[in-house]
Amino acid sequence: MQLPKFKSKAFLAPMAGVSDPALRLVCRELGAGLVVTEFVNIHAIVAKSDDITKFIEFSEKERPLSVQLFGSDLEKLKMAIKIVEPHFDVIDYNMGCPAPHITSQMACSALLREPELVRKIFRTMVKVSSKPITVKIRTGVTRPDRWREIAKIAEEEGLSMITMHARTVKQGYSGKADLKLIKELKELVSIPVCGNGDIESPEDAKRMLDETGCDYVMIGRGAAKNPFLFTQINDYLKTGKYKKVNAKKKLKYFFRYLKYASRYDTIKVANIRMQAMNFTKGIKGSKSLRGKLLGVKTLSGIEDVLFEFAEKLE
């Protein structure tokens with residue numbers, strides 16, 4: 001199945017508690033080619049099937065939009081796909097999350113050691129879905145090992161793209177992403193490859209594209225701290241230049257994020273508070289701001305604290 005046409009090579013990664021519909025919308029406005037929902041348990045989707053758009057909230061302005069699923073029960077997976085596919089442009093499968101409470105369910109990165117089950121999962125997804133199926137993987141559990149086998153299975157079973165976070169599960173988010181493995185993946189398969197890991201600047205994105213030959217890059221933590229990264233990457237890839245973003249402009253977009261967040265019941269105040277801390281990282285006075293935000297328990301309270309902070313900026 002063919003992927004949608006993307007206006008940018010830079011995608012927003014799925015991040016639990018972070019890539020909420022308000023942040024996704026801001027990132028799309030700032031130039032992300034694709035945004036992906038936070039990962040969703042297939043069992044929860046089936047349980048909430050009566051009104052899935054209230055459980056997985058999104059805006060039509062986010063398109064093209066990918067939903068990320070996890071879970072290995074094949075019957076529930078079929079049901080979940082039938083529920084979500086009318087609403088999303090791409091269906092992604094999570095084989096990258098390293099969290100023990102998730103992997104203990106024979107889900108996400110635990111499947112890197114189960115190629116036979118993975119083949120059944122991919123075959124089921126492609127057979128049931130009318131939308132492109134993609135997968136996000138890591139390089140292995142304790143060391144880079146069976147990812148090559150998993151990648152070939154993905155290609156053989158008709159998946160439309162593989163995203164590789166070039167770290168092992170054991171590494172978590174520490175150490176450095178291994179770009180050589182993304183390059184090897186690109187040379188191994190004929191389907192599109194998206195590279196993920198350590199992109200904090202436009203230069204990082206270009207380096208990954210140039211050194212690995214990957215088709216796209218996916219940005220997680222870097223985009224949470226600086227959604228303008230998408231604009232900067234797009235400019236840099238086209239012209240070799242990009243504009244720095246000052247603190248006032250960053251805060252302006254945080255207030256836009258707040259406006260969007262107020263529309264969605266699934267975005268909790270704790271998550272909005274964390275987004276405020278992400279947006280303001282690196283801005284003078286942000287350390288004391290984080291201290292003030294910790295005690296705030298309402299959306300309006302967060303807005304007041306940020307407004308006061310913005311007024312003091314030079």
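All residue numbers refer to position in the chain's written sequence, counted from 1. Per-residue local features of the predicted model are confined to residues with pLDDT of at least 70, and side-chain atom pairs are confined, for both listing and counting, to 80 or more; whole-chain, interface and lining totals are unaffected and use all residues. The side-chain numbers reported here are obtained from all heavy atoms of the structure, hydrogens and water having been left aside.

Asks: How should the overall build of the chain be read in this particular structure?
Replies: A tally of regular secondary structure across the chain gives 15 helices and 9 strands. Put simply, the radius of gyration uses C-alpha atoms, and a globule should come to 2.2 Å times the residue count raised to 0.38. Against the compact-globule benchmark of 20 Å for 314 residues, the chain has a radius of gyration of 19 Å, which places it among compact chains. In terms of overall dimensions, the chain has a C-alpha envelope of 60 × 45 × 35 Å along the principal axes. Exposure was quantified through the Shrake-Rupley algorithm and a 1.4 Å probe, taking into account, for residues, occlusion by the shown protein chains and nothing else. Surface accessibility of the chain: about 14,300 Å² in total, with carbon and sulfur atoms responsible for 51%. A positive count includes Lys and Arg, and a negative count includes Asp and Glu. His and the chain ends are not counted in either. A single reference atom marks each charge: NZ on Lys, CZ on Arg, CG on Asp, CD on Glu. If the 54 positive side-chain charges of the chain are averaged to one point and the 37 negative ones to another, these points end up 4 Å apart. Helix and strand assignments come from DSSP, with helices taken as H or I runs of at least 4 residues and strands as E runs of at least 2, each series counted from the N terminus.

Asks: Where do I start with the packing of aromatic side chains in this structure?
Replies: Only Phe, Tyr and Trp rings take part, Trp by its six-membered ring, and two of them pair if their centres are within 6.5 Å. Stacked means planes under 30 degrees apart, edge-to-face means over 60, and tilted covers everything else. Applying the stated criterion to the full structure yields 12 aromatic pairs. When the centroid spacing of 5.4 Å and the interplanar angle of 85° are considered together, the rings of Phe6 and Tyr216 count as edge-to-face. In this pair, Phe6 sits in the segment before β1 (10-12) while Tyr216 sits in strand β9 (residues 216-219), placing the two residues 210 residues apart along the sequence. When sorted by exposure, Phe6 lands in the same class as Tyr216, which is buried. For the ring pair Tyr257 and Phe279, a centre distance of 6.0 Å and an interplane angle of 35° mean the geometry is tilted. Taken together, the residues Tyr257 in helix α12 (residues 247-261) and Phe279 in helix α13 (residues 269-279) connect sequence positions 22 residues apart. Positioned above the aromatic ring of Tyr173, the side-chain terminus of Arg138 is 5.0 Å from the ring centre. In this analysis the charged atom, NZ for Lys or CZ for Arg, is taken to sit over a ring once it is within 6 Å of the ring centre and within 35 degrees of the ring normal. If you follow Arg256 out to its NZ or CZ, it ends over the ring of Tyr253, 4.6 Å from the centre. Summary of the burial criterion: residues with accessible area below 20% of their type's maximum are buried, those above 50% are exposed, and those between are partly exposed, where the area comes from a 1.4 Å probe applied to protein chains only.

Asks: It is not clear to me how the environment of Ala310 should be interpreted in this structure. Could you clarify?
Replies: Tracing the sequence through the fold places Ala310 in helix α15 (residues 299-311). For Ala310, a relative accessible area of 23% corresponds to the partly exposed category. Taking the C-alpha atoms as reference points, Ala310 and Tyr93, 217 residues apart in sequence, are found 40 Å from one another. Once you skip the residues sitting within four places of it in the chain, Ala310 turns out to touch Leu251 and Phe255. Only heavy atoms enter the contact rule, under which two residues are in contact if any of them lie within 4.5 Å.

Asks: What's the story with the pairing of strand β6 (residues 133-138) in this structure? I'm lost.
Replies: Along any regular strand the residues' side chains alternate between the sheet's two faces. For β6, the buried fraction is high: 6 of the 6 residues fall into the buried class. Residues Ile133, Val135 and Ile137 point to one face of β6 and Thr134, Lys136 and Arg138 to the other, with burial holding for every one of them. By the convention used here, strands pair only if DSSP detects at least 2 bridges between them. Sheet analysis places strand β5 (residues 90-95) next to β6, joined by 5 bridges and oriented parallel. Residue pairing for β6: Met95 is matched across the bridge by Ile137.

Asks: Just to check I follow, could you spell out helix α11 (residues 229-239) for this structure?
Replies: Because the α-helix completes a turn every 3.6 residues, residues three or four places apart line up on one side. If you check which residues of α11 are buried, you get Leu229, Phe230, Gln232, Ile233, Asn234 and Tyr236. Packed against the buried residues of α11 are β1, α1 (21-29), α9 (202-212), β9 and α10 (221-225).

Asks: Sorry, what's going on with helix α4 (residues 74-84) here?
Replies: Here α4 has its buried residues at Leu77, Ala80, Ile81, Ile83 and Val84. Within α4, the buried residues cover an arc of 160° as seen down the axis, which keeps them to one side. If you follow the buried residues of α4, they end up packed against α2 (42-47), α3 (52-55), β4 (65-70), β5 and α6 (115-128). Capping the start of α4 is the job of one residue whose side-chain oxygen sits 3.1 Å from the backbone nitrogen of Glu75: Asp73. It is the directions from the helix axis to the C-beta atoms that the arc portrays. The definition of a polar contact used here is a pair of N or O atoms within 3.5 Å, where within protein one atom must be able to donate a hydrogen and the other to accept one, and adjacent residues in sequence count solely through side-chain atom pairs.

Asks: Mind showing me how you'd approach the side chain of Thr139 here?
Replies: You can see Thr139 is positioned in the loop between β6 and α7 (147-156). Each residue touching Thr139, except ones within four places of it in the same chain, is listed here: Pro144, Asp145, Trp147, Met164, His165, Ala166, Arg167, Thr168 and Leu181.

Asks: I tried to follow the nonpolar core on my own but got confused; where do I start?
Replies: If you look at the biggest cluster of nonpolar residues, it comprises 95 residues, and the most contacted ones within it are Met95, Phe122 and Tyr257. The biggest single contributor to this core is α12, with 7 residues. In these notes, a set of buried Ala, Val, Leu, Ile, Met, Phe, Trp, Tyr and Cys residues joined through side-chain atoms within 4.5 Å is what counts as a nonpolar core. Core analysis: the next-biggest nonpolar cluster, separate from the first, contains 10 residues, Leu3, Phe6, Leu34 and Val36 among them.

In short, the description is geometric, and any link to function would need to be established separately.
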